[in-house]
Structure formats: structure tokens, C-alpha cells
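So the chains spell out like this:
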Amino acid sequence: MKSITIKGSQRESVGKVSTKALRNAGKVPCVLYGGENPLHFSADELAFKNLVYTPNAHTAVIELEDGQKLEAVLQDIQFHPVTDKILHIDFYQLFKDKPVTMNIPVRLEGNSPGVRNGGRLLFRKRKLSIKALPDLLPDFITVDISKLRIGGTIAVETLLSDDFTIMHPDSTAVVQVKASRTSVDDAEEEEEEEESAEGAETAEGGEAAAPEAAAAE
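> I keep staring at the side chain of Glu45 and nothing clicks. Help me out?
Within the secondary structure layout, Glu45 lies in the loop between strand S3 (39–44) and helix H2 (49–52). Beyond its immediate sequence surroundings of up to four residues, Glu45 is in contact with Gly26, Lys27, Val28, Lys85 and Ile86.

Okay, structure coming up:
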């Protein structure tokens, strides 16, 4: 998984006055949990652009002025209710031997025959909560919908992996195709495809027979 580097400064004071001063200076107060003690630091708001404003999942490498480099994941974020400016961020420190839970985006690939026949694609879970060791965290989870017909569902149980644990019940629907007023029965499409294939074979057989008939004359 890709990591975003955040260059920060450790905070000595964490009171309301110092926090307000940081925000006025365009910096975001942060706390890193998971170690022996919580670590308070701050960083420029622009430093979080590629970590926060993206549909992708990333880890963070927090580089402090004293040379420390700490790998972490974003755990919680607070925005201003009016301006949407970042007010505060909580991080959780990563350790290679300790599993961590993250929300991982789901990506669909392929063309659903159910959608081609007019069905409605319902993308139920655009992100899945995944628990894994840091080195095994996937960038995204790919779901193949190329065989998903009208009335069909792809559930969590079909996405299980030895590398991670999906923190949802196996029966949780990830993507479905529902019938609509304009949808066509998938079975009819299959019959039409079979008839077209048979017609093509018959045509080929007729063309092959024509030279033989001519030769006989």
C-alpha cells in the first residue's frame, strides 16, 4: 500500500490557546496513538491533501523534526462544520507484527450481462473494513462483475483471502443487479445467443456444401 509522507513538528503544549494558534497558522493539531504514550504533533494542512481528499486508502509516514519516522494510519478526522477545514486528526501507529483495521475501497471490473440487459447495478459496499498486517493491506479489493446477471449478488463470502480478514458477515452484499422495467430476461439473451451461434454454423455448412454440389454437376 502506498504511503504518504507527513512532515510534522512535535508539540510541547496541547492547551486550547496553543491549538488555536496552530490553526490560525494553517497547521493541523494531531495525535498519534498506539505507542507507549500518545504523541502530539502538528503539520501544515496542505500536507494532508493526498491522504484525506482521495477515494484511495493510504498509510502515512510521519516524519518529525528530530528524525523520527513513524508509520501510521488515519484513525479519525474532524472538519469545521462551516468551512470544512481540517480541525484535528488522530493517527494510529503501525507495527509490522500487529494487525490493523482499515477501510479499503472496492473496485468493480468487467461488464455485467445483467446491466447490459437493462438491470440496475447496486453498489452496496464501496469500502470494506479489512484487518491485516500492515505489509498485507491491499490498495483496493477487485470485484469481477462479468458474470453478474439480473437478480445476482456478489457477497463478502466470495472475496475471502488468506492475507486479510474482512470485518463484515459473509452474507453482506457488495454489489447486486436488480430487475428494472426495461430489463430483459437473461435467459432470453442466452437463447438468442445460442440461436445466433447455430445460425452461423448452418450458414458455414451451406457455404461448404455449395462447391461440392457444383463439382458433382
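> For this particular structure, what's the right way to read the pairing of strand S13 (residues 173–178)?
The sheet contact formed by strand S8 (residues 120–123) and S13 spans four bridges and is antiparallel. Paired with Phe123 across the two strands is Val175, which belongs to S13. Sheet topology places strand S11 (residues 153–155) next to S13; three bridges connect them, and they run antiparallel. Residue pairing across strands places Ala155 opposite Ala173, the latter belonging to S13.

> Explanation requested: the sheet that holds strand S10 (residues 141–144) in the structure shown.
The strands making up a sheet associate through hydrogen bonds between their backbones, and the pairing can be parallel or antiparallel. Overall, mixed pairing links the four strands, which are arranged S10-S7-S9-S12 in an open sheet. Sheet topology places S10 and strand S12 (165–166) at the edges, where each strand pairs with a single neighbour. Relative to S12, strand S9 (residues 127–132) runs antiparallel, the two sharing two bridges. Bridge assignment links Ile130 to a residue of S12, and that residue is Ile166.

> Explanation requested: the sheet that holds S11 in the structure shown.
Strands sit in the order S8-S13-S11 across an open sheet of three strands; the sheet is antiparallel. Taken across any chain shown, the strands that pair with only one partner, and hence form the sheet edges, are S8 and S11. Put simply, the sheet's adjacent strands are angled 10 degrees from each other on average, direction ignored.

Basis of the calculations
Residues numbered from 1 in each chain as written. Predicted model: local features only at pLDDT ≥ 70, side-chain atom pairs only at ≥ 80, totals over all residues. Heavy atoms only, no water. Helix = DSSP H or I, 4+ residues; strand = E, 2+ residues; numbered from the N terminus. Contact = heavy atoms within 4.5 Å. Pairing = 2+ DSSP bridges. Axes fitted to C-alpha atoms, helices over the stretch in contact; angles between N-to-C directions.

Any link to function would need more than the numbers given here.
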